[in-house]
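Residues per chain are reported as follows:
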There are 2 protein chains.
Amino acid sequence: MSTPAIITVAITGSQPTKAQNPAVPTQPAEQIESTHEAFEAGASLVHIHVRDDQDRSCSDVEKFRQVQEGIAKHCPGMIIQFSTGGRGREASERGAALSLKPDMGSLATGSVNFATIIYENPPQLIDELANDMIKFDVKPECELFDLAMLYNAKVLVDRGLLKSPPHVQFVLGIPGALPAREKIVDFMLEELTELMPTATWTAAAIGRLQLDANHWALKRGGHVRT
Amino acid sequence: MSTPAIITVAITGSQPTKAQNPAVPTQPAEQIESTHEAFEAGASLVHIHVRDDQDRSCSDVEKFRQVQEGIAKHCPGMIIQFSTGGRGREASERGAALSLKPDMGSLATGSVNFATIIYENPPQLIDELANDMIKFDVKPECELFDLAMLYNAKVLVDRGLLKSPPHVQFVLGIPGALPAREKIVDFMLEELTELMPTATWTAAAIGRLQLDANHWALKRGGHVRT
Ligand SMILES: [Zn+2]
Ligand SMILES: [Zn+2]
Ligand SMILES: [Zn+2]
Ligand SMILES: [Zn+2]
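Along each chain, residues carry numbers from 1 onward, in the same order as the chain's sequence is written. Numbering of ligands from 1 and lettering of chains from A proceed in the order in which they are written. Predicted model: local features are reported for residues with pLDDT of at least 70 only, side-chain atom pairs are reported and counted for 80 or more only, and whole-chain, interface and lining totals are derived from all residues. As a rule here, side-chain values come from all non-hydrogen atoms in the structure, and water together with hydrogens is ignored.

### Quick look at the packing of helix 1 (residues 28–40) of chain A against helix 2 (residues 61–74) of chain A
Residue and element names in this part refer to chain A. Heads up, the rule is: To obtain each axis, a line is fitted to C-alpha atoms, and for helices this fit is confined to the stretch in contact; angles are then taken between N-to-C directions over 0 to 180 degrees. Helix numbering and strand numbering both begin at the N terminus, where a helix is a DSSP run of H or I of at least 4 residues and a strand a DSSP run of E of at least 2. Helix crossings fall into two classes, left-handed where the near helix is turned counterclockwise from the far one by less than a right angle and right-handed where it is turned clockwise. Pairs of residues are marked as contacts when any of their non-hydrogen atoms sit within 4.5 Å. Note on residue categories: nonpolar means Ala, Val, Leu, Ile, Met, Phe, Trp, Tyr, Cys or Pro, charged means Asp, Glu, Lys or Arg, and polar means any other residue, Gly included.
The interhelical angle for the contact between helix 1 and helix 2, taken along N-to-C directions, is 35°, at an axis separation of 9 Å. When the axes of helix 1 and helix 2 are compared, the crossing they make is right-handed. Side by side, helix 1 and helix 2 meet where Pro 28, Gln 31, Ile 32, Thr 35, His 36 and Phe 39 of the first sit next to Lys 63, Gln 66, Val 67, Gly 70, Ile 71 and His 74 of the second. Of the residues belonging to the contact of helix 1 with helix 2, the class tally is 5 nonpolar, 6 polar and 1 charged.

### Overview of the pattern of salt bridges
Put simply, the rule is: By definition here, a salt bridge exists when the distance from a side-chain nitrogen of Lys or Arg to a carboxyl oxygen of Asp or Glu is within 4 Å.
If you walk through the whole model with that rule in mind, you get 28 salt bridges over all chains. Salt bridges sharing partners connect three or more residues here, namely A:Arg181, A:Lys183, B:Glu191 and B:Glu194.

### Some points on the interface of chain B and chain A
Formally: Here the quantity called buried area is the accessible surface, traced with a 1.4 Å probe, that two parts lose on coming together, added over both. Here a polar contact is recorded for every N or O atom pair within 3.5 Å, except that within protein the pair must consist of a potential hydrogen donor and a potential acceptor, and residues adjacent in sequence are included only if both atoms are side-chain atoms.
Contact residues are listed per partner, giving 30 residues for chain B and 30 residues for chain A. In total, about 2300 Å² of surface goes out of reach between chain B and chain A, with carbon and sulfur atoms giving 54% of it. Applying the counting criterion to the chain B and chain A interface returns 6 salt bridges. Two residues, B:Arg181 and A:Glu194, come together in a salt bridge whose shortest N-O distance is 3.4 Å. At the junction of chain B with chain A, the criterion picks out 18 residue pairs in polar contact (both at pLDDT 80 or more). Elements that contribute at least two residues to the side of chain B that touches chain A include exactly strand 7 (112–114), strand 8 (117–119), helix 4 (123–135), helix 5 (148–158) and helix 6 (182–195) of chain B. Considering only residue class, the side of chain B that touches chain A consists of 16 nonpolar, 8 polar and 6 charged.

### What about the sheet that holds strand 9 (residues 139–144) of chain A?
All names here are of chain A. Filter applied, for reference: Criterion used throughout: strands pair if DSSP finds at least two bridges between them.
Here we have 8 strands rolled up into a closed barrel, ordered 1-2-5-6-9-10-11-12, and parallel in their pairing. Direction aside, neighbouring strands of the sheet carry axes that sit 25° apart on average. The sheet contact formed by strand 10 (residues 167–172) and strand 11 (residues 200–205) spans 6 bridges and is parallel. Along strand 11, the bridge assignment pairs Leu 172 with Ala 205. With respect to the sheet, helix 5 (residues 148–158) is in contact with strand 6 (104–108), strand 9 and strand 10, its orientation differing from that of strand 9 by roughly 150°. Of the strands in this sheet, strand 9, strand 10 and strand 11 are in contact with helix 6 (residues 182–195), which crosses strand 10 at around 160°.

### Details of the packing of helix 5 of chain A against helix 6 of chain A
All names here are of chain A. Applied cut-off: Orientation labels follow simple angle bins: below 35 degrees gives roughly parallel, above 145 gives roughly antiparallel, 65 to 115 gives roughly perpendicular, and whatever is left gives oblique.
In contact at an axis separation of 10 Å, helix 5 and helix 6 are set at 15° when each is read in the N-to-C sense. On the basis of their axis angle, the class for helix 5 and helix 6 is roughly parallel. Regarding helix 5 and helix 6, the two cross each other, and that crossing is right-handed. Residues Leu 150, Tyr 151 and Lys 154 of helix 5 form the contact with helix 6, whose participating residues are Phe 187, Met 188, Glu 191, Leu 192 and Leu 195. In terms of residue class, the contact of helix 5 with helix 6 is built from 6 nonpolar, no polar and 2 charged.

### Things to note about the sheet that holds strand 1 (residues 7–10) of chain B
Residue and element names in this part refer to chain B. Pairing in this closed barrel of 8 strands is parallel, and the strands run 1-2-5-6-9-10-11-12 around the ring. Each adjacent strand pair in this sheet contributes to an overall mean axis angle of 25°, direction not counted. When strand 6 (residues 104–108) meets strand 9 (residues 139–144), the two strands line up parallel, connected through 5 bridges. Considered in strand 9, the bridge of Leu 107 is made with Cys 142. Across the face of the sheet, helix 2 (residues 61–74) comes into contact with strand 2 (45–48) and strand 5 (79–82) while running at roughly 170° to strand 5.

### Brief notes about the pairing of strand 2 (residues 45–48) of chain A
Residue and element names in this part refer to chain A. How we decide: Burial classification: accessible surface area is computed with a 1.4 Å probe over protein chains only, and a residue below 20% of its type maximum counts as buried, one above 50% as exposed, and the rest as partly exposed. Handedness of a crossover is defined as follows: with both strands directed away from the viewer, a clockwise route from the first strand across the helix to the second makes it right-handed.
Neither face of strand 2 is open: one carries Leu 45 and His 47, the other Val 46 and Ile 48, and all of them are buried. With 3 bridges connecting them, strand 1 (residues 7–10) and strand 2 associate as parallel partners. Looking at the pairing, Thr 8 lines up with Leu 45 of strand 2. Each parallel crossover has a hand, and for strand 1 linked through helix 1 to strand 2 it is right-handed. Note that strand 2 and strand 5 (residues 79–82) share 4 bridges and pair parallel. What sits directly across from His 47, in strand 5, is Gln 81.

### Comments concerning the coordination of the zinc ion (ligand 3)
Six octahedral donors around a metal ideally subtend angles of 90 or 180 degrees, whereas four tetrahedral donors ideally subtend 109.5 degrees. Residue and element names in this part refer to chain B. Threshold: For Na, K and Ca the donor cutoff is 3.2 Å, while for all other metals N, O and S atoms must lie within 2.8 Å; water is not among the atoms, so some sites may look incomplete.
Around the zinc ion (ligand 3), the protein contributes the donor atoms Glu 33 (OE) and His 36 (ND1), which lie 2.0 to 2.3 Å from the metal centre. On the criterion of helical spacing, the pair formed by Glu 33 and His 36 is a turn pair, its members being 3 residues apart in helix 1 (residues 28–40). The class for His 36 is buried, based on a relative accessible area of 17%.

The structure is reproduced here in structure tokens:
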């Protein structure tokens, strides 16, 4: 038997609004219920973004706290991962909810273009978030939106800012960043295996290639995100 | 016989100051002379950054004009390439010297971390510079500091913003961006050949792996930069 794959659910992205998709859960009660459904369907890890009362992407600690509390109560044993993303927000704001000690936190290890903007993760911010994750005992999921971010993760391990074994996610399909190509998964996996042989990994694609990416990951022994 | 390789010389980067390295040519007269020496030694393409009177990196059109004029006079037939780089500077400023119609202009097709900063090339700026290069008949050299930039170049070709055959340079060895690994050259070349089979290419490494990168490129039929 191989290690069972962890199925991740990302209940709320940073992007779609209620206006664009009325089904997207944006407030804690909805997010908790939506996670509960995924949990009952077999998901074991939830990746959380929060929204303010106007449904705009935010990093509000109180919102994270409510979602965390509800999921812990309704979905015993589920791994809770907070997003530290936040286009245009400050490092201090993006990492503030790590003090709530979620099981995991996302950590983008570089900067890249996203459609019409730069997804800004300057080196100082990465170091600060990595440090906070060590301080609050939060396991990072390194989000690799481009190839250099893989080598940057290795540098963090070497500098003692990322504990071994690291966990990484190849994120494909965002315009401006890496497209969803199976060859990219193969190459990144080869490099990961050479440079961080104990790392665990997963692959996610945004949009219509999501299922393909799950398949590419499962075939190669990785975890999946829905 | 294979196509003779083009040897590029980058006479002045955006980084070292006279204080750090007194030998770095920073003003037009020095830059012209330094290019002339490289030309006599066999270089056929010069990549140009300019500095203001305090030797700080800038995009001053008059400086570009002086260097261009001097090189055209002293180095007949040499290909002149202007940098459109410029950390922290506006698009309009970064592309202003393209109106001087140099033979080529550099075009970074994405954003990435560089050591302590983000090298910011937001999508709108890339489009604007690409448009200007078409308008002024300047051939772009796509600077690929990370893998996604290769696919972004392909998207520019598909959108008619980059003429075929495109020319790309794999730039390796900048901390935060792609490291100087031969495997990366192989993978990027494989992807380039599949997606843009008519493209010409070169590889450059910053720092001590410069000669290795030249060797990797020459072995695979690419051009080199010193
Ligand atoms: Zn429930
Ligand atoms: Zn996220
Ligand atoms: Zn001379
Ligand atoms: Zn340059």
